[in-house]
Amino acid sequence: MTNTPPPIRQDADQEQFLTILSREDALARFQAALFPRPVPTEERVLADALGLALAEDVAAPVDVPPFDRSNVDGFAVRAADLAAASETRPIRLVLNAEAIACGIVPQLPVLPGTATAIATGGPLPRGADAIVMVEHTQPADAGAIEVRRGVSPGQFISNAGSDMARGEVVLRAGTVIGSREIGMLAACGIARVTVARKLRVAILSTGDELVQPGEPLRPAGIYDANGPIIRAAVIENGGEAHFLGAMPDDEGVLERAMREALAAHDVLILSGGTSKGAGDVSHRILGRLGKPGIIAHGVALKPGKPLCLAVCDGKPVIILPGFPTSAMFTFHDMVVPVLRRVAGLPPRIDAQVAARLPFRVPSELGRTEFVMVSLVQGQDGLAAYPTGKGSGAITSFTQADGFIRIEALADHMPAGAEVPVTLFTPQVRVPDLVVIGSHCTGLDLVVGELSRSGISVRSLAVGSLGGLAAVKRGECDLAPIHLFDPNTHTYNAPFLSDGLELVPGWRRMQGLVFRRGDERFEGRSAEEAVRAALADPECMMVNRNQGSGTRILIDQLLGSDRPDGYWNQPRSHSAVAAAVAQMRADWGITIAPVAGAAGLGFIPLTEEHYDFALVSARKDRPAVQAFLAALQSADIQAALERAGFSRAV
Ligand code: AMP
Ligand code: MG
């Protein structure tokens, strides 16, 4: 095993020799090319400085408080006058002919044997060196008081400059201005501050396939997720984001857009087009935009290998990978630290917690791998479930609580390993109810009902067998499963072990899907339809993955036949419907609600049982009770039926 990364294949028109750098090396080179540099600054009125970082140290221009001041309502006195005062021998002081309220400048000195009435916040008169609280005095004859206890010099007085002294540095450069800092600055009379100006960040998406959210999706189109994600993440990190739209994979058009964006902004962030594919042009343009150009192209990171970091005439230019999860990860891991430093902001501090891995997590040797995890409460502390559906899946990021890091030299993390989890939010949120297993759109109806009544639910889709393992380890309350036992010809019950009980869920009609109007299938029974399909060599099927209940059904229908499309084995009901709807296949087996939602024809075959394995010991928990009640409620049953599910009998 070697630590030296292999060189990237060199394209004919590539100007530089590029190698894959380690994460640390890439960051170090990027920083070396950018720093030192002055932080861009601007002056702002205090009211508009919230959330910005101070660009300079701030010294108090005046003393705070500006004068010696009373902290209580009472009388300004000379402490020496009251040295002998006691309950039995009160001392009489003659009142001066003024009362000092806030904002009143004292006119008369406090001479020996006298006192001046003073309010909280009133300036101390000449001669006085302490305050007696009004509660410790009594009116005596006209114009005098009696004091029954002594005071020490300085008592109940705040001296001038005791809070902030004139010239004292009260806030340091880099401090982010919050309400407390605003208070400090206002208290010493500062109306304007020099702050680190927000970085003006231009954002461009690239790709001929991109469609902006809100527009209709065309065939082979993909909604532009990176544009909105990066815009939001820039703002979250104190920048000023300008999303300039999605550009086609056209070198000329893109180069013009990049030049214009760079001229008007401090930073340019693109996404997509960083691979060495034929249509990937953005990295080629970088070499022409300014010196020194590309610093790193290819970083030993997973996700995020195609990341490209450049500096063009002093400005950072970053091309994030196209897959949204890779783009998000590389942005947070590699770009945020640099952007914040360029902007004069303090580093982001992420909270960490320890958790255990429920199963072995494989990792690619030679790349620092980040695995997003969802946290659930296990029997002995937190368990960290990898949420990954691969770097193309946006949900692996949004459903995660944080991530773990697997070092480049490790090829896996063993089951049960304790790992530090870096959190996306300051605290772990432990949900009221945890459901781990097979996903179903019907489950969303039940969970939605609980959420509306204020119960937080975490639902992780790991398949029936994964759910069963989790429920046996005590990591969830309920595991939704649909497992067919070929020996007993029953669903689910044979798979339960001690301590688990079966809660009936609902039935999902499995059947053959086809495009309406296809005469090979329309109006036929399932057996006839399959026979017609097998008789037509042009007819293409879509299968399901080994281990799924649906696959057992398909293999029964096909016997020993292996028609065209058999090796296309997607992992979900939705993928089967999409393949048929988009004419990549002519038929497949899926469940009725999914077929209906895709507008496809459907020939019913058999009902699949979707039930819940419940940990008996957890049955009395309020959230579990609420789940069971919701499941049985007439509203939910009706909603399930409307969605195409039928009642378990
Ligand atoms: P690329 O690096 O341009 O080849 O893109 C890699 C993958 O990311 C492709 O599947 C693209 O469709 C996808 N992709 C690129 N940009 C975006 C974007 N802005 N939003 C969502 N997906 C994207
Ligand atoms: Mg692209």
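Residues numbered from 1 in each chain as written. Chains lettered and ligands numbered in written order. Predicted model: local features only at pLDDT ≥ 70, side-chain atom pairs only at ≥ 80, totals over all residues. Heavy atoms only, no water.

Peer 1: Sorry if this is basic, but what is going on with the site of ligand 1 here?
Peer 2: Close to ligand 1 lie 17 residues, the nearest being E209, D224, A225, G273 and G322. The separation between an oxygen atom of ligand 1 and a polar main-chain atom of G273 is 2.7 Å. Summarising the interface, the protein chains cover 80% of the accessible area of ligand 1, which totals 490 Å² for the free molecule. Sorting the residues of the shell around ligand 1 by element identifies β13 (200-206) and β15 (222-223) as the ones contributing at least two each. A class-by-class count of the residues in the shell around ligand 1 yields 6 nonpolar, 8 polar and 3 charged. (Near = heavy atom within 4 Å. Polar contact = N/O pair within 3.5 Å; in protein donor to acceptor, adjacent residues only side chain to side chain. Areas by Shrake-Rupley, 256 points an atom, 1.4 Å probe, with all protein chains shown as cover. Helix = DSSP H or I, 4+ residues; strand = E, 2+ residues; numbered from the N terminus. Nonpolar A, V, L, I, M, F, W, Y, C, P; charged D, E, K, R; others polar.)

Peer 1: Any chance you could explain the domain arrangement of the chain here in plain terms?
Peer 2: Note: interface size is frequently given as the accessible area lost on complex formation between the parts. Partitioning the chain into domains gives domain 1 (23-38 + 198-342), domain 2 (42-64 + 164-196), domain 3 (69-158), domain 4 (352-423) and domain 5 (435-649). Using only C-alpha atoms to locate each centre, domain 2 and domain 5 end up separated by 60 Å. (Domains from an automatic or database assignment.)

Peer 1: I keep staring at the pairing of strand β9 (residues 144-147) and nothing clicks. Help me out?
Peer 2: Looking down a regular strand, the side chains alternate between one sheet face and the other. Of the pairings in the sheet, the one linking strand β5 (residues 91-100) to β9 comprises 4 bridges and is antiparallel in character. Following the sheet pairing, L93 is matched in β9 by I145. Strand direction decides the pairing type here: strand β8 (residues 137-139) and β9, joined by 3 bridges, are antiparallel. From the neighbouring strand, T137 faces β9, where its bridge partner is V147. Hairpin connection of β8 to β9: 4 residues between the antiparallel strands, including G143 at a positive phi of 75°. (Pairing = 2+ DSSP bridges.)

Peer 1: What exactly am I supposed to notice about the confidence of the model for the chain here?
Peer 2: Low pLDDT means the predicted coordinates in that region are not meant to be read closely. Predicted confidence across the chain gives a mean pLDDT of 91, with 95% of residues reaching 70 or more. A low-confidence stretch, residues 1-17 stays under pLDDT 50, and its non-local contacts, those more than four residues away or across chains, total 23 contacts. (pLDDT = per-residue confidence, 0-100. Contact = heavy atoms within 4.5 Å.)

Peer 1: For this particular structure, what's the right way to read the pattern of salt bridges?
Peer 2: Side-chain pairs of opposite charge can arise where the charged atoms are in close proximity. Counted according to the given criterion, the structure contains 32 salt bridges. Residue R356 is joined to E418 by a salt bridge in which the shortest nitrogen-to-oxygen separation is 3.5 Å. Of this pair, R356 sits in strand β22 (residues 352-356) while E418 sits in strand β28 (residues 418-423), and the two are 62 residues apart along the sequence. The exposure class assigned to R356 is partly exposed, which follows from its relative accessible area of 33%. (Salt bridge = Lys/Arg side-chain N within 4 Å of Asp/Glu carboxyl O. Buried < 20%, exposed > 50% of the residue type's maximum accessible area, 1.4 Å probe, protein only.)

Peer 1: For this particular structure, what's the right way to read empty space enclosed by the protein?
Peer 2: One pass over the structure, following the stated rule, counts 2 cavities of 30 Å³ or more. Looking at the second largest cavity, its volume works out to about 40 Å³. Every residue lining the second largest cavity is listed: L199, V201, V234, N237, G238, G239, L339, A343 and L345. Taken together, the residues of the lining of the second largest cavity break down into 6 nonpolar, 3 polar and no charged. (1 Å grid on protein atoms, 1.4 Å probe; cavity = no way out; pocket = protein on both sides within 12 Å on 5 of 7 lines; lining within 4 Å. Points joined across faces, edges and corners; volume = space filled by probe spheres on them.)

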